[in-house]
Amino acid sequence: MSKFKCRYCGQEFSSERSLLSGSCSKHPAGWCKGKHSLYEGADEEKFICVNCGEEFSSLRSLTTGSCSKHPDGWCKGRHVPYEGSLKSEYTCKYCGSKFRSIRSMVSSSCSKHPDGWCKGKHSPAR
Ligand SMILES: [Zn+2]
Ligand SMILES: [Zn+2]
Ligand SMILES: [Zn+2]
């Protein structure tokens, strides 16, 4: 049976309905400021943060830590899971540049970032 996981807190639910009905203690807007949100990625052997590229063995451990490269500022929020499949090469969804890992991708600025030229990092397409 497939499990339903929250992308904010990593908690597992037996149904999508029960996931979406509960308040999330790790909601980005603040403690229980919103509902759990369904993690749509595959159940991979590792989970990667799209902001910093750090790898975790479980979604729960990923969502526990603060992200040093959060878009809002240093440790202003939690890691955010990459929800695409694991690949040997990752493509930036803004500029199309290819990288061998998410970690190397997010370490450099994107010339086609939606906020403006190099106003943000590359971000992996799914
Ligand atoms: Zn949650
Ligand atoms: Zn992170
Ligand atoms: Zn880019």
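Remember, it's a predicted structure, so these values are computed and weren't measured experimentally.

Attention now goes to the overall build of the protein. Looking only at helices and strands, the protein features three helices and six strands. When its helices and strands are written in sequence order, the protein yields β-β-α-β-β-α-β-β-α. Taking 14 Å as the expected radius of gyration for a compact globule of 126 residues, we find that the protein reaches 15 Å, a close match to that expectation. Dimensions of the protein along its principal axes, counting C-alpha atoms only, are 40 × 30 × 20 Å. Here the protein holds 126 residues, and 39% of them are scored as buried.

With that out of the way, let us pick up the coordination of the zinc ion (ligand 2). The protein atoms donating to the zinc ion (ligand 2) are Cys-49 (SG), Cys-52 (SG), Cys-67 (SG) and His-79 (ND1), with metal-donor distances spanning 2.1 to 2.4 Å. Taken together, the four donor atoms coordinating the zinc ion (ligand 2) span angles of 101 to 117° at the metal, a pattern that classifies the geometry as tetrahedral. Along the chain, the residues that donate to the zinc ion (ligand 2) are spaced as C-x2-C-x14-C-x11-H. Taken together, the positions of Cys-52 in the loop between strand E3 (47-48) and strand E4 (55-56) and His-79 in the loop between helix H2 (59-64) and strand E5 (90-91) put the pair 27 residues apart, joining distant regions of the chain. Both residues of the pair, Cys-52 and His-79, count as buried.

Rules and cut-offs
- Residues numbered from 1 in each chain as written.
- Chains lettered and ligands numbered in written order.
- Predicted model: local features only at pLDDT ≥ 70, side-chain atom pairs only at ≥ 80, totals over all residues.
- Heavy atoms only, no water.
- Helix = DSSP H or I, 4+ residues; strand = E, 2+ residues; numbered from the N terminus.
- Rg over C-alpha atoms; globule rule 2.2 N^0.38 Å.
- Buried < 20%, exposed > 50% of the residue type's maximum accessible area, 1.4 Å probe, protein only.
- Donors = N, O, S within 2.8 Å, 3.2 Å for Na, K, Ca; no water.
- Tetrahedral: all angles 85-135°; square planar, octahedral: opposite > 155°, others 65-115°.

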